[in-house]
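# Chains, contacts and geometry: an overview
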Amino acid sequence: DALLWMAPLLSGGGYSSESLGFALGLHNLTRLDGGLMAGVRQFGEPQDESFVEGLPKALIPPLRHLFGAGASQDAASGVVV
């Protein structure tokens, strides 16, 4: 099973904060359920580099994992949200 979630994760606005919280929940879920592949892609608003640079360092590894999974072809073969 694959889930690709497209959201303004790195735009720095209110939706971005909400999106990051959801993305971290997805990351934790995929770690618990080895059968689910979840990924994310930036969508809807441009990425804000100053926002990205200000993210807590603890968010970087799970986000890299999710963005990497979201870039794979397998992500688009499941459910796209």
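Residues numbered from 1 in each chain as written. Predicted model: local features only at pLDDT ≥ 70, side-chain atom pairs only at ≥ 80, totals over all residues. Heavy atoms only, no water.

### A look at the overall build of the protein chain
Rules: To qualify as a helix, a DSSP run of H or I must reach at least 4 residues; to qualify as a strand, a run of E must reach at least 2; elements of each kind are numbered from the N terminus. A simple rule labels every residue: compare its accessible area, found with a 1.4 Å probe on the protein chains alone, to the largest value its type can have, and call it buried under 20%, exposed over 50%, or partly exposed in between. Working rule for contacts: check all heavy atoms of both residues, and any pair within 4.5 Å makes them a contact.
When you go through the protein chain residue by residue, the secondary structure sums to 3 helices and 3 strands. Tracing the protein chain from N to C terminus, the helices and strands come up as β-α-β-α-α-β. A total of 81 residues make up the protein chain; the buried ones form 35% of that total. Nonlocal contacts in the protein chain, meaning residues at least 24 apart in sequence, comprise 79% of its contacts between residues at least 6 apart.

### A closer look at the side chain of His-27
By secondary structure assignment, the location of His-27 is in helix H1 (residues 14–32). With a relative accessible area of 11%, His-27 lands in the buried category.

### Regarding the sheet that holds strand S1 (residues 2–7)
Stated formally: For two strands to be treated as a pair, DSSP must find at least two bridges joining them. Note on geometry: axes are C-alpha line fits, over the in-contact stretch for helices, and angles between N-to-C directions span 0 to 180 degrees.
In spatial order, the strands read S2-S1-S3; together these 3 strands make up an open sheet with parallel pairing. Looking at the sheet topology across the chains shown, the edges are occupied by strand S2 (37–42) and strand S3 (79–80). By the bridge criterion, 6 bridges tie S1 to S2 in an arrangement that is parallel. Note on S2: the bridge partner recorded for Trp-5 is Val-40. Contacts from helix H3 (residues 60–71) reach S1 and S2 within the one sheet, and its direction differs from that of S2 by about 90 degrees.

### Description of the pairing of S1
Counted residue by residue, S1 has 5 buried out of 6 residues, so it is predominantly covered. In this sheet, S3 lies alongside S1 in parallel orientation, the contact comprising 2 bridges. Paired with Leu-3 across the bridge in S3 is Val-79.

### Observations regarding H3
The test is simple: For a helix, the expected span equals 1.5 Å multiplied by the residue count minus one. Arc definition: directions from the helix axis to the C-beta atoms.
The terminal C-alpha atoms of H3, which comprises 12 residues, lie 16 Å apart, in line with the 16 Å expected from a rise of 1.5 Å per residue. For H3, every residue scored as buried is listed here: Pro-62, Leu-63, Leu-66, Ala-69 and Gly-70. For H3, the arc enclosing every buried residue in end-on projection is 130 degrees, short of the 170-degree limit, so these residues lie on one face. Opposite the packed face of H3, turned more than 90 degrees from it, sit the exposed residues Pro-61, Arg-64 and Ala-71.

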